[in-house]
Each structure stands twice: as C-alpha cells, then as structure tokens.
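# A structural walkthrough
As a plain string of letters, each chain reads:
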Amino acid sequence: MNDLKYARELVLDQIKQACQIAQRERSEVQLLAVSKTHPSSRLKEMYATGQRAFGENYLQEALEKIEQLQDLNIEWHFIGHVQRNKTKHLAEKFAWVHGVDRLIIAERLSNQRTAQQTPLNICLQVNIDDQDSKDGCQPHEVAELVAQISQLPHLRLRGLMVIPAPNHTAAFAEARQLFNTVKTKHAYPEDWDTLSMGMSADLHEAIAAGSTMVRIGTALFGARDYSH
Ligand SMILES: *Cc1c(COP(=O)(O)O)cnc(C)c1O
C-alpha cells in the first residue's frame, strides 16, 4: 500500500470513529483533501485511492492544477480568502467556494457563473471566535447575508465555514448552533446542509460538534513546505 493510500485510510478511520462516538451516521461527514502546496502528481496519486473532493487555497496554484488534472473527475473546492478581483476564475473553475463573507463577493460569483453550469456551491465564512486577523463575517451578520445570498440565481448557499483558533474547539459548538438557527429560517432549508469545519488537529472535536465536512491537509499529504 502506498503512503497516500495508508494516510487516507487512517483519516477515514478517524472520521468513522468520531462518528461512532458522536452517534452520527458515517455518511453525514465528507472528507475534503486539502492539497495546497502539493504538486499535481501527488493529487493524482490521491485521486487513485478514491478521493474526489480537493481543496485549494491559492488561486494561481489551483488554476495550474485544474488545468493539469482536467482529465480527472475532481470536485474542486476553493477554501482560501476570496479577493474581489479574482471571483471570475472561481466562478468558472470551481464547484465550491467556502470563503464567502460579503454580499458583493457572492453577487460577483453569481453573475460570473454561467447559466450552462450547475449552480456554484457556497459556504458563508464566519469569524466565529472574533479573531482580529481572520476573514469571515460576524455571527450577527449571518441571518441577513443568508437572506440576501440565497436569492442569487447561480449560487446554492449550502452552509457555514469556520476556522476557529487552535485549541478553541468550543467554537465548533457555537458554529453548530448558528447553523441550526439559520436552518429554521432558511427559504430553502434542504439546501442548507453543510458545516465545513475541522482540520487535521481537531477533526474529532469538529465531528462531535456536528461538522459535515472536514478539511484535511497535513494528515493526508504530510507537512507542507512553503519554501518555494
Ligand atoms: C490549510 C487548510 C486546511 C488544512 O489544514 P491541515 O491542518 O493541514 O489539515 C483546512 N482548512 C483551511 C481553510 C486551510 O487553509
């Protein structure tokens, strides 16, 4: 068994265990493979193990990989910070964008998604534990943003994305509560099905609190090298 197959099986096992402990169905939690900094050849190997959903943070790097791997049936997720002048590429090339935190970004993505494409899946990023340095809207802004964004024609607003500070796992429960509150008021509650939270170091806590999509990089691909 190669190293990526082994790493993925370990992560899938961890997800399964976390679901069992939390008395949740295994099918409620998806694995997103976060592949930033890793070359296309590694993504291809990971794809061969059965992985289909990949997450990228840096647009230029992601566009190169999307081009190189266009023959594979990959579902591309953008999980980085969304800059206003970069929305066109995101709307064209990705299936999901997790980092939407302003109406103007959502409007641009909707306008730039073509009618021939399936709607772009969106998560609203929330700065759940009020970190100064973090992107994301404030929790009190969520209800209004959901009301506005869910009206945009070429988007499907799926849920929330959070990145709490390390060791601040209490924030996961706050995110879940916010997610549940919105669901009761949502115009299309069946679309509101995604809580994107949990990374390599805290996937157990995230799943215990109700995550439906864990974004895992290091535990799948090993440590990242940012030197080049
Ligand atoms: C890099 C990154 C991850 C993956 O983090 P690991 O700790 O390597 O699992 C998940 N989510 C976001 C938003 C990231 O930027």
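Residues numbered from 1 in each chain as written. Predicted model: local features only at pLDDT ≥ 70, side-chain atom pairs only at ≥ 80, totals over all residues. Heavy atoms only, no water.

## Things to note about the UniProt feature "domain: Alanine racemase N-terminal" (unreviewed entry) in the chain
Where we set the bar: UniProt positions are given in the numbering used here, feature names are shortened, and annotations may be inferred rather than shown by experiment. Secondary structure follows DSSP: runs of H or I at least 4 residues long count as helices, runs of E at least 2 residues long count as strands, and numbering of each begins at the N terminus.
Under the UniProt annotation, the feature "domain: Alanine racemase N-terminal" (unreviewed entry) is placed at residues 12-224. Taken end to end, residues 12-224 comprises 38% helix and 18% strand; its first and last C-alpha atoms sit 20 Å apart.

## Overview of unusual backbone geometry
The condition is simple: Only protein chains enter the area calculation, which uses a 1.4 Å probe; residues under 20% of their type maximum are buried, those over 50% are exposed, and those in between are partly exposed.
Phi is positive for Gln23, which is not a glycine, with a value near 55 degrees. On the secondary structure map, Gln23 appears in the loop between helix H1 (3-21) and strand S1 (30-34). Look at Gln23 and you get exposed, because its relative accessible area is 75%. Of note, Asn167 is a non-glycine position whose phi angle comes to about 70 degrees, a positive value. Positionally, Asn167 belongs in the loop between strand S6 (155-161) and helix H7 (170-185).

## As for helix H5 (residues 103-112)
Rules: The arc in question is traced by the directions running from the helix axis to the C-beta atoms. The contact criterion used throughout is that any non-hydrogen atoms of two residues lie within 4.5 Å.
Among all positions of H5, only Ile105, Ala106, Leu109 and Ser110 are buried. The buried residues of H5 occupy an angular sector of 130 degrees when projected down its axis, which confines them to one face. Residues of H5 that are buried in the fold lie against helix H4 (87-93), strand S4 (96-100), strand S5 (120-125), helix H6 (142-149) and S6.

## Quick look at the UniProt feature "modified residue: N6-(pyridoxal phosphate)lysine" (unreviewed entry) in the chain
Taking the numbering used here, the UniProt-annotated feature "modified residue: N6-(pyridoxal phosphate)lysine" (unreviewed entry) corresponds to Lys36. The residue Lys36 is located in the loop between S1 and helix H2 (40-48) in this model. The class for Lys36 is buried, based on a relative accessible area of 12%. When residues no more than four places from it in sequence are discounted, the contact partners of Lys36 are Gly55, Glu56, Asn57, Tyr58, Glu61, Lys65, Arg224 and Tyr226.

## Some points on the state of the cysteines
Keep this limit in mind: Pairs of cysteine sulfur atoms within 2.5 Å are what we label disulfides.
Applying the stated criterion across every chain yields a total of 0 disulfides. Cysteine Cys123 is unpaired, with the sulfur of Cys137 as its nearest cysteine sulfur at 12 Å. Judged by relative accessible area, Cys137 falls into the buried class, the value being 1%.

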